[in-house]
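Topology and contacts: notes
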Amino acid sequence: MSGINSDQLHRSTLGIYMNLTDEFNPSLQKLVSLGNSYIHAFKALTVSSDAYFNALSKIGEKAFYSMYSRSLGDVLIQISENQQRLTLEMERVFHKFSLDVLQVMSDNIQLDMDYIS
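So, a few notes on the structure that sits alongside this text. What you see is a predicted model, and the numbers here were worked out from it, not measured in a lab.

Residue position: Ile-79 is located in helix α2 (residues 70–116). Sequence separation between Ile-79 and Leu-56 is 23 residues, and the spatial gap between their C-alpha atoms is 8.5 Å. Filtering out sequence-adjacent residues up to four positions away, Ile-79 remains in contact with Phe-53 and Leu-56.

Turning our attention to the packing of aromatic side chains. By the definition in use, this model includes four aromatic pairs. Judged by centre distance (5.2 Å) and plane angle (45°), the ring pair of Tyr-38 and Phe-94 falls under tilted. With Tyr-38 in helix α1 (residues 3–64) and Phe-94 in helix α2, this residue pair connects regions lying 56 residues apart in the sequence. With centroids separated by 5.2 Å and ring planes inclined at 85°, the aromatic side chains of Phe-64 and Tyr-65 adopt a geometry described as edge-to-face. Judged by its relative accessible area of 67%, Tyr-65 falls in the exposed class. A connected cluster of aromatic rings, assembled from ring pairs, spans Tyr-38, Phe-42 and Phe-94. Here Arg-70 stacks its cationic end above the ring of Phe-64, 4.0 Å away from the centre of that ring.

Take a nonpolar patch on the surface next. Among the surface-exposed residues, Leu-86, Met-90 and Val-93 lie close enough to one another that they form a single nonpolar patch of about 240 Å² accessible area. Mapped onto the secondary structure, Met-90 falls in helix α2.

Let us now look at the pattern of salt bridges. Evaluation of the coordinates by the stated rule reveals two salt bridges. Residue Asp-7 pairs with Arg-11 through a salt bridge whose shortest N-O separation is 2.6 Å. Of this pair, Asp-7 and Arg-11 both sit in helix α1, four residues apart, roughly one helical turn. Residue Asp-7 is classed as partly exposed on the basis of its relative accessible area of 37%.

Rules behind the numbers
Residues numbered from 1 in each chain as written. Predicted model: local features only at pLDDT ≥ 70, side-chain atom pairs only at ≥ 80, totals over all residues. Heavy atoms only, no water. Helix = DSSP H or I, 4+ residues; strand = E, 2+ residues; numbered from the N terminus. Contact = heavy atoms within 4.5 Å. Phe/Tyr/Trp six-rings, centres within 6.5 Å; stacked < 30°, edge-to-face > 60°. Buried < 20%, exposed > 50% of the residue type's maximum accessible area, 1.4 Å probe, protein only. Lys NZ or Arg CZ within 6 Å of the ring centre and 35° of its normal. Patch = residues over 30% accessible without salt bridge, like charges linked within 9 Å, V, L, I, M, F, W, Y side chains within 5 Å. Areas by Shrake-Rupley, 256 points an atom, 1.4 Å probe, with all protein chains shown as cover. Salt bridge = Lys/Arg side-chain N within 4 Å of Asp/Glu carboxyl O.

Written out as structure tokens, the structure is:
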């Protein structure tokens with residue numbers, strides 16, 4: 001292959017790549033942004049959930065030590081403990097999602113932009 005043909009092929013390939021990334025990268029950036037917003041919303045939910053279930057646990061503890069509401073108190077405490085375990089597990093999933101998916105997508109978008117530049 002001569003130098004001109006190779007150079008033309010390179011420019012043509014780069015042009016196709018630029019067209020694809022011009023169409024594809026904005027959608028990926030929006031997807032990453034939405035994913036980050038989803039994580040922030042989940043963190044806000046976690047804070048509210050913790051406050052709610054801590055209050056529920058305190059009510060359960062008071063009921064547990066009363067003469068007539070012991071079984072209700074026990075149920076409330078169990079609900080609170082199970083919800084806290086579920087929240088911790090979901091936090092781990094969201095952390096992994098953030099690192100393994102969103103961060104990698106964001107890095108790849110930046111690499112594409114750097115390559116084209």
